[in-house]
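Residue-level listing of the chains:
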Amino acid sequence: MGGVPVTVRVQREDFDLAAEVQALSAGRHDIGAVVTFSGLCRDEAGMLSALELEHYPGMAEAEINRICEEAVTRFGLQAVSAIHRYGKILPGENIVLVVTASPHRQAAFDGANFIMDFLKTSAPFWKKEHAADGIERGWVSAKDEDDSARDRWSKD
Amino acid sequence: MATVNLVYFAWVRERIGRAEETLELPDGIVTAGDLLAHLKTLGEEYETALEHENVIRVAINQEHVEHDEPIAGAREIALFPPMTGG
């Protein structure tokens with residue numbers, strides 16, 4: 001599967017969904033489906049003023065890259081872009097973007113889903129919550145359902 | 001004696017009170033699990049940070065490993081809580 005473009009970025013700045021889709025499919029006539037997933041910061045019914053995202057520089061990029069390459073092989077994707085932000089992120093702002101391309105829609109849907117399930121459980125990022133009153137609410141706990149979502153990909 | 005570069009993240013970093021350090025390890029520390037057990041003898045901050053040893057994730061040279069992984073030759077060992085990105 002060499003030659004399939006996989007773009008991974010870990011950055012403080014926001015990203016533009018349309019620009020990323022455009023960059024991934026520009027000049028190509030072989031792509032039939034593009035799926036875009038973006039994850040946003042929720043305010044938890046007004047309780048949350050911000051999320052602070054910490055990451056492990058170097059490993060974060062490497063791990064997301066490993067996950068994307070696995071998805072390319074497993075689903076026959078034609079291109080993948082994944083962007084994860086770090087630093088302080090306010091409610092309504094983007095946190096993560098995954099864009100997958102394939103000849104037909106199912107592979108692109110499954111590939112994006114697979115990448116997100118593994119990204120949540122094995123890419124080295126940690127969220128800390130800031131309450132609406134400005135006080136730190138502490139680190140977000142890992143969820144069992146995220147592990148279950150990841151593990152369903154290993155059942156055949 | 002072996003020298004290791006350790007990096008910590010999230011609440012492991014906060015509880016230990018530093019983001020990274022270089023330590024000299026005594027002989028007999030073979031696996032990542034041995035390293036965790038040794039760190040817990042170094043002080044209260046380590047004991048608190050690593051109290052629930054089974055939830056602590058370990059990466060060697062920026063790749064996830066299990067606690068039974070040998071650490072010989074590791075350039076960088078990272079300890080951190082379960083991940084919550086995405």
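Heads up: these notes are all about the structure in this document. Predicted model only: the values in this text are computed from it and were never measured.

### A word on the overall build of chain A
Thought 1: A count of helical and extended segments in chain A gives four helices and eight strands.
Thought 2: Along chain A, helices (α) and strands (β) appear in the sequence β-α-β-β-α-β-β-β-α-β-β-α when read from the amino end.
Thought 3: Expected size for 156 residues packed as a compact globule is a radius of gyration near 15 Å; at 16 Å, chain A falls within 12% of this value.
Thought 4: With the principal axes as the frame, chain A shows a C-alpha extent of 50 × 35 × 30 Å.
Thought 5: Counting all 156 residues of chain A, 47% fall into the buried class.

### A look at the overall build of chain B
Thought 1: Counting its secondary structure elements, chain B contains three helices and five strands.
Thought 2: Tracing chain B from N to C terminus, the helices and strands come up as β-α-β-α-α-β-β-β.
Thought 3: The C-alpha radius of gyration of chain B comes to 12 Å, within 12% of the 12 Å expected for a compact globule of 86 residues.
Thought 4: The burial tally for chain B puts 47% of its 86 residues in the buried class.
Thought 5: By sequence separation, contacts in chain B at least 24 residues apart represent 47% of the contacts at least 6 residues apart.
Thought 6: In the form shown here, chain B has an accessible surface area of approximately 4,300 Å², with 45% of it arising from carbon and sulfur atoms.
Thought 7: Across chain B, the mean location of the 6 positive side-chain charges is 6 Å away from that of the 16 negative side-chain charges.

### Brief notes about the side chain of A:H84
Thought 1: Tracing the chain through its elements places A:H84 in strand 4 (residues 79–85).
Thought 2: Classification of A:H84 as buried rests on a relative accessible area of 0%.
Thought 3: A distance of 2.9 Å separates a polar side-chain atom of A:H84 from the backbone nitrogen of B:G86.
Thought 4: If sequence neighbours within four positions are ignored, A:H84 has contacts with A:R9, A:V10, A:Q11, A:L53, A:I64, A:I95, A:V96, A:L119, A:F125, B:G85 and B:G86.

### Notes on the interface of chain B and chain A
Thought 1: The interface is formed by 20 residues belonging to chain B together with 26 residues belonging to chain A.
Thought 2: In total, about 1,900 Å² of surface goes out of reach between chain B and chain A, with carbon and sulfur atoms giving 55% of it.
Thought 3: The closest approach of N and O atoms between B:R13 and A:E54, which form a salt bridge, is 2.5 Å.
Thought 4: At the junction of chain B with chain A, the criterion picks out 17 residue pairs in polar contact (both at pLDDT 80 or more).
Thought 5: Within the residue set of the side of chain B that touches chain A, elements represented by two or more residues are helix 1 (10–16), strand 3 (57–60), strand 4 (63–65) and strand 5 (77–80) of chain B.

### Side note on the sheet that holds strand 1 (residues 6–11) of chain A
Residues and elements named next belong to chain A.
Thought 1: Read across the open sheet, the four strands follow the order 1-4-6-2; overall the sheet is mixed. Edge positions in the sheet fall to strand 1 and strand 2 (33–40), since each has one partner strand and no second. Adjacent strand axes in the sheet meet at a mean angle of 5 degrees, parallel and antiparallel pairs treated alike.
Thought 2: With six bridges connecting them, strand 1 and strand 4 associate as parallel partners. Its bridge partner lying in strand 4, R9 is registered against I83.
Thought 3: Its contacts with the sheet place helix 3 (residues 105–122) against strand 2, strand 4 and strand 6 (94–102), and it is angled at close to 145 degrees to strand 6.

### Side note on the nonpolar core
Generally speaking, a soluble globular protein has its nonpolar side chains buried in company with each other.
Thought 1: Judged by nonpolar contacts, the single largest core of 35 residues is most densely connected at A:Y56, B:L39, B:I77, B:L79 and B:F80.
Thought 2: Of all the secondary-structure elements, those providing two or more residues to this core are strand 1 (2–8), helix 1, strand 2 (20–25), helix 2 (32–39), helix 3 (44–49), strand 3 and strand 5 of chain B.
Thought 3: Once residues within four sequence positions are removed from consideration, B:F80 is found in contact with A:Y56, A:M59, A:W126, B:F9, B:V12, B:V55, B:I56, B:R57, B:A59 and B:H64.
Thought 4: Counting 34 residues, the second-largest nonpolar core is a separate cluster that includes A:C68, A:L77, A:A107 and A:M116.

### Regarding the sheet that holds strand 3 (residues 48–55) of chain A
All names here are of chain A.
Thought 1: Reading across from one edge, 5-3-7-8 is the order of the four strands in this open sheet, with antiparallel pairing throughout. In this open sheet, the two edge strands, each paired with only one partner strand, are strand 5 (87–89) and strand 8 (136–139). Each neighbouring strand pair of the sheet contributes to a mean axis angle of 25 degrees, computed without reference to strand direction.
Thought 2: Where strand 3 lies against strand 5, three bridges are found, and the strand directions are antiparallel.

### Overview of the packing of aromatic side chains
Thought 1: Going through the model one piece at a time under the given rule, you end up with nine aromatic pairs over all chains.
Thought 2: Pairing A:F114 with A:F118 gives two aromatic rings, centres 4.6 Å apart and planes at 35 degrees, and the pair type is tilted. Here A:F114 and its partner A:F118 are both found in helix 3, four residues apart, which amounts to about one turn of the helix.
Thought 3: Among the residues examined, A:F118 registers a relative accessible area of 22% and is labelled partly exposed.
Thought 4: Between A:W126 and B:F9, the ring centres sit 5.2 Å apart and the planes meet at 10 degrees, which makes this aromatic pair stacked. One end of the pair, A:W126, is in strand 7 (residues 125–131); the other, B:F9, is in the loop between strand 1 and helix 1, on a second chain.

Procedures and definitions
- As a convention, each chain's residues are numbered from 1 in the sequence order in which they are written.
- The naming scheme follows written order: chains are lettered A onward, ligands numbered 1 onward.
- Under the rules for a predicted model, residues below a pLDDT of 70 receive no local features and side-chain atom pairs below 80 are neither given nor counted, while totals for whole chains, interfaces and linings still include all residues.
- Remark: hydrogens and water are excluded; side-chain values derive from all non-hydrogen atoms of the structure.
- Numbering of helices and strands runs from the N terminus, with a helix taken as a DSSP run of H or I at least four residues long and a strand as a DSSP run of E at least two residues long.
- For the radius of gyration, the atom set is restricted to C-alpha positions; the globular benchmark scales as 2.2 Å times the number of residues to the power 0.38.
- Think of it in three bands: residues with accessible area under 20% of the maximum for their type are buried, residues over 50% are exposed, and the middle band is partly exposed, with areas taken using a 1.4 Å probe on protein chains only.
- In this analysis, two residues are considered to be in contact whenever any of their non-hydrogen atoms come within 4.5 Å of each other.
- Each accessible area is a Shrake-Rupley result for a 1.4 Å probe, and residues are judged covered by the shown protein chains and nothing else.
- His is not counted, nor are the chain ends, whereas Lys and Arg count as positive and Asp and Glu as negative.
- For charged residues, the charge sits on one atom: NZ in Lys, CZ in Arg, CG in Asp, CD in Glu.
- For the purposes of these results, a polar contact is taken to be a pair of N or O atoms within 3.5 Å, where, inside protein, one atom must be able to donate a hydrogen and its partner to accept one; residues adjacent in sequence count only when each atom of the pair is a side-chain atom.
- As used here, buried area is the combined drop in accessible area, with a 1.4 Å probe, of two parts when they are placed together.
- In what follows, salt bridge is the name for a side-chain nitrogen of Lys or Arg lying within 4 Å of a carboxyl oxygen of Asp or Glu.
- One bridge is not enough; two strands pair if DSSP finds at least two bridges between them.
- All axes here are fitted lines through C-alpha atoms, helices being fitted over the stretch that makes contact, and every angle between N-to-C directions spans 0 to 180 degrees.
- Think of a nonpolar core as a cluster: buried Ala, Val, Leu, Ile, Met, Phe, Trp, Tyr and Cys residues, connected wherever their side-chain atoms sit within 4.5 Å.
- Each Phe, Tyr or Trp ring (for Trp, its six-membered ring) is paired with any other whose centre lies within 6.5 Å, and the angle between the two planes then decides the class: stacked below 30 degrees, edge-to-face above 60, tilted in between.

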